[in-house]
Amino acid sequence: MKELIADREFKEGRVITLLEIAESAGVHRITLSKLANKKGYNVTSDVLDRLCAYFNCRIEQLVEYIPDEQMPS
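An account of the accompanying structure is given in this report. Just so we're clear, the structure is a prediction, and the values are computed from it rather than from any experiment. (Residues numbered from 1 in each chain as written. Predicted model: local features only at pLDDT ≥ 70, side-chain atom pairs only at ≥ 80, totals over all residues. Heavy atoms only, no water.)

**As for the pattern of salt bridges**
Taken as a whole and judged by the stated rule, the model has 5 salt bridges. With a closest N to O distance of 2.6 Å, E20 and R14 form a salt bridge. A salt bridge links E60 to R58; the shortest N-O distance between them is 2.7 Å. Among the residues examined, E60 registers a relative accessible area of 48% and is labelled partly exposed. Its relative accessible area of 52% is what places R58 among the exposed residues. A network of salt bridges, in which partner residues are shared, links R8, E12, R14 and E20. (Salt bridge = Lys/Arg side-chain N within 4 Å of Asp/Glu carboxyl O. Buried < 20%, exposed > 50% of the residue type's maximum accessible area, 1.4 Å probe, protein only.)

Here it is as structure tokens:
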């Protein structure tokens, strides 16, 4: 997600905050913060759908599958 934010900031020539994304996408800011900063954070498909719509991206640009044996405890 951080890469998508950086790309959008570059294209628009301005800083984009998590609060702005939260308000535009209809997702709680704390959820976005955890998604951006906590590896392995579990989010709902609704949140992913809203973020894909906001960033106009595919889901694989937001998330990565990590098998259980590689997950931090």
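**Brief notes about the nonpolar core**
Core analysis: the biggest nonpolar cluster contains 19 residues, and M1, I21, L32, L51, F55 and L62 have the highest contact counts within it. Those elements giving two or more residues to this core turn out to be α1 (2–12), α2 (18–25), α3 (29–37) and α4 (45–55). The contacts of L32, once residues within four sequence positions are left out, are M1, L18, I21, A22, V27 and L51. (Core = buried A, V, L, I, M, F, W, Y, C linked by side-chain atoms within 4.5 Å. Helix = DSSP H or I, 4+ residues; strand = E, 2+ residues; numbered from the N terminus. Contact = heavy atoms within 4.5 Å.)

**Some remarks on the packing of aromatic side chains**
For the structure on display, the rule yields 1 aromatic pair. Geometrically, the ring pair formed by Y54 and F55 is edge-to-face, given 4.9 Å between the ring centres and 85° between the ring planes. F55 matches Y54 in its accessibility class, with the two residues each being buried. Its guanidinium or amino end placed over the ring of Y54, R8 lies 4.0 Å from that ring's centre, counting from NZ or CZ. (Phe/Tyr/Trp six-rings, centres within 6.5 Å; stacked < 30°, edge-to-face > 60°. Lys NZ or Arg CZ within 6 Å of the ring centre and 35° of its normal.)

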